[in-house]
Amino acid sequence: MNQSIPFPKKAKPQVQHQQPGIESVMDPAPIYEHPDYQKEARLQDKVAIITGGDSGIGRAVAVAFAKEGADLAIVYYNETEDAKKTKEQIEKLNRQCLLIQGDLANASFAQDIVNQTLTTFGKINILVNNAAVQYPQADITQIKDEELHRTFDVNYFGTFYLTREVIPHLTAGDSIINTTSVTAYEGHEMLLDYSSTKGALTAFTRSLAMNLAPQGIRVNAVAPGPIWTPLIPASFDAKKVAEHGTSVPMKRMGHPVELGGLMFYSLQLKDLICREQQFILMGEPSLTAKRTFVHTSCVKNYPSVSVKHKKIRSFPSPEPKKQMIVRDRGRRFNSLTNTRSHNRYS
């Protein structure tokens, strides 16, 4: 029987004083697992590297992949307790989990990640570039050089370094997924540097997809809106945290579990001509693009959605009012609302 998740709509005012934040002290706790997820072993014995996999979106993706039979290499910065919990959850699913601690801003760390993963598992099939930092400032003159460099070093250069090291070990049918952000399309008044890195990752995704297409390696991206992750209380003041997600049409913040299924969904498109795609969670119908954009389906009972004439099961959510929005070369179908909000971050 399908169960509904009682998604908390708002967070309590709270602040953390370190980046990228600790999930275990968040209130409410982010929801990263769906009780109705049906395991079908569609990633059986695949090996995935997930950066920022200790918590937030990364943990949700790791658990979803493990349920499908994948073994995981979880890369994290310094959130050891969060990482141990993720490892524990994966091992409960009878999958292996390798924890790798380090700083993605260091180019040499990328080679270390690949070496440890190959030593443990012998192969790499999936790379999820998810780790990020952000330092909100109300004015461009307040952005410090070290914060600007750190944001680009982790969010963009860290992704580039690791992707460059992983690609030689991928083969046809393997996949790379980048976590971008809706701020890459809408911008954000307090996240000038962060949104710029996400714009760079969007361009990187598109270019790399074209570059790797002849090898049969797919490159896609997921662009979250306001998801409740440790980065939020670690970045914003208590008032902003309490308002997180309230400006979107659904009037609530998203939870990491709503990304886990979407990441897996992008992996299931291997038989379709699907690359260079940006999947936007909690995106706006007013966004325009030349490629296909998919707003996550949030209706009950694992509904099917049609993408390029193939049937693919979407991930469940208890809210029946959210609908699938598909954009193809600027055309919009099945739009839920034309409301637009600029107060978004992931």
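Bear in mind that the values here come from a model prediction, so they are computed numbers and not experimental data. (Residues numbered from 1 in each chain as written. Predicted model: local features only at pLDDT ≥ 70, side-chain atom pairs only at ≥ 80, totals over all residues. Heavy atoms only, no water.)

Here we take up the pairing of strand β1 (residues 47-51). Side-chain direction in a regular strand flips from residue to residue, so the side chains alternate between the two faces of the sheet. Of all five residues in β1, five are buried, a share of seventy percent or more. What you see with β1 is no split at all: Val47, Ile49 and Thr51 on one side and Ala48 and Ile50 on the other are buried throughout. Across five bridges, β1 lies against strand β2 (residues 71-76) in parallel orientation. Bridge pairing in β2 places valine 47 opposite aspartate 71. Regarding the hand of the β-α-β motif, the stretch spanning β1, helix α1 (residues 56-67) and β2 is right-handed. As judged from the three bridges shared by β1 and strand β4 (residues 126-129), these two strands associate in the parallel manner. Directly across from alanine 48, in β4, lies its bridge partner isoleucine 126. (Buried < 20%, exposed > 50% of the residue type's maximum accessible area, 1.4 Å probe, protein only. Helix = DSSP H or I, 4+ residues; strand = E, 2+ residues; numbered from the N terminus. Pairing = 2+ DSSP bridges. Right-handed = clockwise from strand over helix to strand, strands pointing away.)

Looking now at the nonpolar core. Judged by nonpolar contacts, the single largest core of 29 residues is most densely connected at Ile49, Ile113, Leu162, Val166 and Ile176. Mapped onto this core, the elements with two or more residues apiece are β1, β2, β3 (97-101), α3 (107-121), α4 (145-166) and α6 (192-212). Core analysis: the second largest hydrophobic core is formed by 21 residues, Ile74, Ile90, Ile126 and Leu262 among them. (Core = buried A, V, L, I, M, F, W, Y, C linked by side-chain atoms within 4.5 Å.)

Attention shifts here to the environment of phenylalanine 109. On the secondary structure map, phenylalanine 109 appears in helix α3. Those residues within four positions of phenylalanine 109 in sequence are excluded, and the remaining contacts are Val75, Ile100, Gln101, Gly102, Asp103 and Leu104. (Contact = heavy atoms within 4.5 Å.)

Turning our eyes to something else, we now look at the packing of α3 against α4. Between α3 and α4, the least distance of the axes is 8 Å, while the angle of their chain directions is 40°. Considered as vectors, α3 and α4 are oriented oblique to each other. Handedness of the α3/α4 crossing: right-handed. Here Ala107, Ala110, Gln111, Ile113 and Val114 of α3 lie close against α4, whose contacting residues are Tyr161, Leu162, Glu165 and Val166. Broken down by class, the residue content of the contact of α3 with α4 amounts to seven nonpolar, one polar and one charged. (Axes fitted to C-alpha atoms, helices over the stretch in contact; angles between N-to-C directions. Parallel < 35°, antiparallel > 145°, perpendicular 65-115°, else oblique. Left-handed = near helix turned anticlockwise from the far one by under 90°. Nonpolar A, V, L, I, M, F, W, Y, C, P; charged D, E, K, R; others polar.)

Two elements in contact, α4 and α6, have axes separated by 9 Å at closest approach and are oriented at 15°. Relative to α6, the element α4 is oriented roughly parallel. For the crossing formed where α4 meets α6, the hand is right-handed. Contact residues: Glu147, Leu148, Thr151, Phe152, Asn155, Tyr156, Thr159, Phe160 and Thr163 in α4; Asp193, Tyr194, Ser196, Thr197, Ala200, Leu201, Phe204 and Leu208 in α6.

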